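# Working through the structure, step by step
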Amino acid sequence: MAFDASPLDFEVGTLWEKIRTRSHQALSSGALQSIPTDYERVEHQGIAFVVRILANLVRKEKAKKQRPQDFNPFLPYEEELFVTNLSATHLCLLNKFNVVDHHILVVTRAFEPQENWLNWRDFQALWACMAEIDGFAFYNGGQAAGASQAHKHLQVVPLPLVDEAVSLPIETAIAAAEFQNGIGRSPLLPFNHAIGQLDPTLLHQPDRMAEFALTLYQQLLSATAIAYQGDRQTAAYNWLATRHWMMIVPRSQESYQSIPVNALGYAGSLLVRNQQQMQQLKQLGAVNLLCKVGVADQAT
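This one's a predicted model, so the numbers in the text were calculated from it and none came from an experiment.

### Some remarks on the overall build of the protein
Along its length, the protein carries eight helices and 15 strands. Taking 300 residues into account, the globule formula puts the C-alpha radius of gyration at 19 Å, and the protein, at 18 Å, falls close to it. Once the C-alpha set of the protein is aligned to its principal axes, its extents read approximately 50 × 45 × 40 Å. Considering only contacts in the protein between residues 6 or more positions apart, those separated by 24 or more positions represent 69%.

### Structural notes on the sheet that holds strand β1 (residues 37-44)
With mixed pairing, three strands are arranged side by side in an open sheet as β1-β2-β15. Among the strands making up the open sheet, the edge pair consists of β1 and β15 (269-272). Strand-to-strand twist in this sheet, taken as the mean axis angle between neighbours without regard to direction, amounts to 30°. Relative to strand β2 (residues 47-54), helix α8 (residues 286-293) is tilted by about 80°, and along the sheet it contacts β1, β2 and β15.

### Quick look at the UniProt feature "domain: ATP adenylyltransferase C-terminal" (unreviewed entry) in the protein
Within this numbering scheme, the UniProt entry marks residues 189-295 as carrying the feature "domain: ATP adenylyltransferase C-terminal" (unreviewed entry). Along residues 189-295 the backbone is 37% helical and 21% strand, and the end-to-end C-alpha distance reaches 11 Å.

### Observations regarding the packing of aromatic side chains
Scanning all chains against the criterion turns up ten aromatic pairs. Relative to Tyr228, the ring of Tyr217 has its centre 6.4 Å away and its plane inclined at 85°; by these criteria the two rings are edge-to-face. Within this pair, whereas Tyr217 is found in helix α5 (residues 206-223), its partner Tyr228 is found in the loop between α5 and β11 (237-241), the two being separated by eleven residues in sequence. We classify Tyr217 as buried; its relative accessible area is 0%. Three or more aromatic residues joined by ring pairs make a cluster, and in this case those are Trp117, Phe123, Tyr139, Tyr217, Tyr228, Tyr237 and Trp239. Residue placement shows Lys96 over the ring face of Phe97; its charged tip is 5.9 Å from the ring centre.

### Some remarks on helix α7 (residues 275-284)
All buried positions along α7 are accounted for by Gln277, Met278, Leu281 and Leu284. The arc enclosing the buried residues of α7, seen along the axis, measures out at 130°, which places them on a common side. Exposed residues on α7 whose side chains face more than 90 degrees from its buried face are Gln276 and Gln283. On its buried face, α7 sits against β1, β2, β13 (255-256), β14 (259-260), β15 and α8. Regarding α7, its N-cap is Asn274, as a side-chain oxygen of that residue lies 3.2 Å from the backbone nitrogen of Gln276 further along. Positioned one or two residues after α7, Gly285 has a phi angle of 95°, which is positive.

Thresholds, definitions, all that
- Residues numbered from 1 in each chain as written.
- Predicted model: local features only at pLDDT ≥ 70, side-chain atom pairs only at ≥ 80, totals over all residues.
- Heavy atoms only, no water.
- Helix = DSSP H or I, 4+ residues; strand = E, 2+ residues; numbered from the N terminus.
- Rg over C-alpha atoms; globule rule 2.2 N^0.38 Å.
- Contact = heavy atoms within 4.5 Å.
- Pairing = 2+ DSSP bridges.
- Axes fitted to C-alpha atoms, helices over the stretch in contact; angles between N-to-C directions.
- UniProt positions renumbered as here; feature names shortened; annotations may be inferred.
- Phe/Tyr/Trp six-rings, centres within 6.5 Å; stacked < 30°, edge-to-face > 60°.
- Buried < 20%, exposed > 50% of the residue type's maximum accessible area, 1.4 Å probe, protein only.
- Lys NZ or Arg CZ within 6 Å of the ring centre and 35° of its normal.
- Arc of directions from axis to C-beta.
- Polar contact = N/O pair within 3.5 Å; in protein donor to acceptor, adjacent residues only side chain to side chain.

Written out as structure tokens, the structure is:
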């Protein structure tokens, strides 16, 4: 399939240093407002989840209350959070209220709804970043999937998520996946999901990787019974990817027992507000939480 694509608009090999430099500057100026967290490993059904306790959400919540309802943080974006241009259609920003260091956003220059399907240009800009950052990429497709901004943006956090041997907790489940006709499902994930394998030989060819990723994305949507039609999504979902695999998880609600879940939750990284919620989560079980906010697995 041919695409009428614009070339990338940044100097290859410079992204990581630009992210580090801009992060330092934005922290010094106060534009970047990192949220301190403690974390605990909580194992459930063979997966060692990373559960972070948010030490301070006051600044983020206060900022949200002061904004008008239709506030768009990306139009215009804060200059001090700008990292680099990526293409004629996308640019890279720092995540203002980051929990993980060097968390970046791949944002459309012009407004596009977060509920629009991902497209070739989204994947082109994303894989230009992933070629330079060994990271975890994700997308929250709709409010029920944990999306908090209406303007389309993908997100990338560097790996490992914490300074330990396992770079991403969900890798345990990915490794156990069983594939049929190129579509994988993991017996460790008892909710509707579909996994696909990416081609690492295309990593430094963003245009070709974008084409490959778009095709796989559409196949995974179909495998999870999400109808790919029209311009906007027909159901809420989370999209997750590393350099090696991609996963789609349909969503039913954004939280359960006031514990929010976005795509990072399905990667094995959850957030709770306090010790009370931590105990709630331990009693419920992290995998059970993901089932509650996901969709029942059609294969079971």
